Amino acid sequence: MEHRTCFHCGLDSSSVEIIYDEKSFCCQGCKTVYEIFSANDLTSYYDLQQAPGATPKEIEGKYNFLDNAKIVESLLEFDDEKTQIITLYIPHIHCSSCIWILENLNKLNASISSSIVNFGKKTVRISYNPENLSLKNLVKLLSSIGYEPFISLDDYSVGKKNVDRSLIYKLGVAGFAFGNIMFLSFPEYFQVNEYWLEQFKHLFRWLMFSFSVPVVFYSAQDYFISAYKGLKSRILNIDVPIALGAAVLFIRSTAEIILDIGTGFFDSLAGLIFFLLLGKFFQQKTYSFLSFERDYKSYFPIGITKITSEETEESIQVYDIQKGDRLLIRNEELIPVDCILIKGKARIDYSFVTGESEAVSKQSGDKLYAGGKQLQGSIEVDVLKSVEQSYLTQLWSNDIFSKNKEDAFTTLTNAISKRFTIAILSIAFIATAFWLFTDASKALNVFTSVLIIACPCAIALAAPFTLGNMLRIFGKQKFYAKNASVIEQLAEINTIIFDKTGTITANKETTIAYEGSKLSTAEESFLKSTLRNSNHPLSRSLYALLNEHDIVTIENYEEHIGKGIEAKYHQDSIKIGSAPFVGYSQETETLNTAVHVSTNNTYRGKFTFYNRYRKGLSKLFNQLKKDYDLVILSGDNSGEQENLTKLLPAKTKLLFNQKPEDKLDYIKHHQNSGAKVLMIGDGLNDAGALAQSDVGIAISENVNVFSPACDAILDASNFNQLFNFIKASKSAIKIIKWSFALSLIYNCIGLYFAVTGQLAPVIAAILMPLSSISIVVFTTISTNFVGKKIQQKVEKT
């Protein structure tokens, strides 16, 4: 092997042992692990955090259980030839530096395609290529950089761990030391000149030093580690000034007792760490109490078709799916749960899971993973386990499908946080320099107080807590937004575009009439079997209307978006859709939507749909007309124009015969003119328009509309509450702005007292976490008030 030298201790390659498939090496002197990026160049290295006395070979054997294929299979979320996905619980995640390192794992190993951190749950979701990197080596890589995952082998589960009590222990040590140091400092406080106190003052001072050592090196270690990792990653996080303040207090106090100048500031140091940890403890309790975890508590309006034991079909919600259920997955529908393919031709697009758009074919008996989209007709599957909404929403929010929309408050918060530490350090040094010349006795207190009192946490918490709680409130009212930025975007829209069929019309209340040649039993069975594959609102309505027939297995099925569907069974063929699509050229203008049918290239007739508009449609449009440009884009003919003109406000634009690409171009045109567009459609046929819009909302009516194209799903029963949801989004933005203002006022007042020398470091440590807690409580109470107003309006309708 080529000559290498350890950066930490200077030992050469004679003390280095190759480990990890020649891709990294470990110094046996100081246990530093290096990641090799090229044969002769080391561009990065990380300390190996391991138990005292542990050697690389022991760590090598620690993960041998990951060679067991059954264990690996149970841990993986997704598995195919080129991609495996796993979510790992990482206990050591605790700051922005950790996030940066873990989300850049692809720089350490090219086989890792992506890694996304959930900071609140301390998990990282990693996608990697199993051909070049095994799960075992992935876990070893994480361990080598100080982020060893916790894996429970009792039930082959990831992320289940006992409660972490380290904060309580650190708090206890700091509290014990703080109390004792205060007692030992009493003679100095009251300037008692008793002989025996004067005789033993040096003993008291060294006892205070002894009590402060575990406070600094144990209780405060997280602040120093976080600051170190931040500086190492060239990030000035909020822990840098705290660590600097604590270090200055400790070094200055130690110097004072060594030089016999005074007692130092050990009481302030211990009190500072104690109250910072106490504040962190109460913050955790507050956040836990105000938790707005939405994956399981809120309504997720996705319908799926279940095939019962009597071979009948019924629509159920995804959270009602049980292991062993038989499900019908239609064309373009997402598979909501891991399952086994039983019947039909499966061609699955896993881009929703992996980001790769290449579809894969599956045979009967193959395992299908949640998040895949069926592309070739309908299939029947048996469920392997109940649905995990947390997994579905995680897929939905995947960065792969982000629209690169700028989140104003996220951008503002990040900008403030980045500059905040630099500004505070500058103020601290300038104020300290001033007091050194004015009154040197106050200089150290001023320096430490400034570093502690100013905190961007309140600013950083305002937006996520406000928008997060609003997500939970919306979920309770059957309006499910993808993430917090959707609410921010919703508050900015000025143009609202509606699709017609399945959006402003109610599928359940539609009546259908047939006009044409009588269909034979075989033709009607073929028609119903073909419609069974489609998820279009008209197909679903017509499928429900037709009489019971034996369902035949379609051999070739193809769906033409905006035109219709066609299929083949043995020697027969069928086309269902618009008049031109089925080859009928004698269509005259009608007042209603029609679906035409031809079999074996012979026109048979048409099904005419008599629409019923959703309850409260007229009132909703009248509420919206004052502040928004309203447009209806429909793929149907203009036969409904007269009815809509009577029903809707005069300034509503009505455009008919719009193909999917026409809708997309219309939205683009308005956006180029400065419009912020909200598009409301059925989620599947309007996917392009929903993706192009600033906010895309899919209307759900017992239909699987779960799609990466939409930003939110609204249950059809609450369609008439759209105005209230938009209004609530604007209220949420006002709450965030008020929170920013309160936080700014707090920081200005706190800095004033700190800079003028009127604030002790211990008081600053008490006030800092209180500011964050007060902002969290303010935003939560305010958003709950907005939520109650929405609930009252829903109950009235």
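What comes next is a walk through the structure.

**Side note on the overall build of the protein chain**
Then, number 1: Summing up its helical and strand segments, the protein chain has 25 helices and 32 strands in all.
Then, number 2: With 797 residues in all, the protein chain has 53% of them scored as buried.
Then, number 3: Sequence-distant contacts, at least 24 apart, represent 66% of the contacts inside the protein chain between residues at least 6 apart.
Then, number 4: Per element, the accessible surface of the protein chain, about 36500 Å² overall, is 54% carbon and sulfur.

**With respect to the packing of aromatic side chains**
Then, number 1: Overall, the coordinates contain 22 aromatic pairs when judged by the stated rule.
Then, number 2: Geometrically, the ring pair formed by W206 and F209 is edge-to-face, given 5.4 Å between the ring centres and 80° between the ring planes. Of this pair, W206 and F209 both sit in helix α7 (residues 201-219), three residues apart, which is roughly one turn of that helix.
Then, number 3: Aromatic pair F498 and F621: ring centres 4.7 Å apart, planes at 35°, arrangement tilted. Here F621 lies in helix α20 (residues 617-624) and F498 lies in strand β21 (residues 495-498), a separation of 123 residues in the sequence.

**What to know about the sheet that holds strand β11 (residues 303-307)**
Then, number 1: Strand order in the open sheet formed by six strands is β12-β11-β13-β19-β14-β17, and the pairing between neighbours is antiparallel. If you trace the sheet from one side to the other, it starts and ends with β12 (313-317) and β17 (367-368), each paired once.
Then, number 2: The pairing of strand β14 (residues 339-343) with β17 spans two bridges and is classified as antiparallel. Within β17, the position partnered with I340 by the bridge is K367.

**Looking at the pairing of strand β24 (residues 564-569)**
Then, number 1: Two strands pair when backbone bridges link them, and strand β23 (residues 556-560) and β24 are joined in this way by five bridges, in the antiparallel orientation. Each residue of the ladder has a partner; that of Y557, found in β24, is A567.
Then, number 2: Between β23 and β24, which pair antiparallel one after the other, the connecting turn spans three residues, and G562 there sits at a positive phi close to 85°.
Then, number 3: In this sheet, strand β25 (residues 572-577) lies alongside β24 in antiparallel orientation, the contact comprising six bridges. Following the sheet pairing, K568 is matched in β25 by S573.
Then, number 4: Hairpin connection of β24 to β25: two residues between the antiparallel strands, including H570 at a positive phi of 55°.

**With respect to the packing of helix α14 (residues 440-453) against helix α24 (residues 722-755)**
Then, number 1: Interaxial distance between α14 and α24 falls to 8 Å at its minimum, and their mutual angle equals 170°. The orientation of α14 relative to α24 falls into the category roughly antiparallel. Of the residues in α24, those in contact with V446, S449, V450 and I453 of α14 are Y746, N747, G750, L751, A754 and V755.
Then, number 2: Class assignment for the residues of the contact of α14 with α24 results in seven nonpolar, three polar and no charged.

**Details of a nonpolar patch on the surface**
Then, number 1: Where nonpolar side chains cluster on the molecular surface, the patch consists of L742, I745, I749, Y752 and F753 and spans about 470 Å² of accessible area.
Then, number 2: Among the secondary structure elements, I745 is positioned in helix α24.
Then, number 3: A relative accessible area of 48% places I745 in the partly exposed class.

**What about the pattern of salt bridges?**
Pairing between side chains of opposite charge can happen when their charged atoms approach one another.
Then, number 1: What the rule picks out here adds up to 16 salt bridges.
Then, number 2: Its salt-bridge partner being D260, residue R205 comes within 3.0 Å of it at the nearest N-O pair. In this pair, R205 sits in helix α7 while D260 sits in the loop between α9 (239-258) and α10 (266-289), placing the two residues 55 residues apart along the sequence.
Then, number 3: Residue R205 is classed as buried on the basis of its relative accessible area of 7%.
Then, number 4: For D260, a relative accessible area of 41% corresponds to the partly exposed category.
Then, number 5: Salt bridges here are not isolated pairs; linked through shared partners, they connect E313, R326, R330, K343, E380, D382 and R532.

Reading guide: rules and limits
Residues numbered from 1 in each chain as written. Predicted model: local features only at pLDDT ≥ 70, side-chain atom pairs only at ≥ 80, totals over all residues. Heavy atoms only, no water. Helix = DSSP H or I, 4+ residues; strand = E, 2+ residues; numbered from the N terminus. Buried < 20%, exposed > 50% of the residue type's maximum accessible area, 1.4 Å probe, protein only. Contact = heavy atoms within 4.5 Å. Areas by Shrake-Rupley, 256 points an atom, 1.4 Å probe, with all protein chains shown as cover. Phe/Tyr/Trp six-rings, centres within 6.5 Å; stacked < 30°, edge-to-face > 60°. Pairing = 2+ DSSP bridges. Axes fitted to C-alpha atoms, helices over the stretch in contact; angles between N-to-C directions. Parallel < 35°, antiparallel > 145°, perpendicular 65-115°, else oblique. Nonpolar A, V, L, I, M, F, W, Y, C, P; charged D, E, K, R; others polar. Patch = residues over 30% accessible without salt bridge, like charges linked within 9 Å, V, L, I, M, F, W, Y side chains within 5 Å. Salt bridge = Lys/Arg side-chain N within 4 Å of Asp/Glu carboxyl O.

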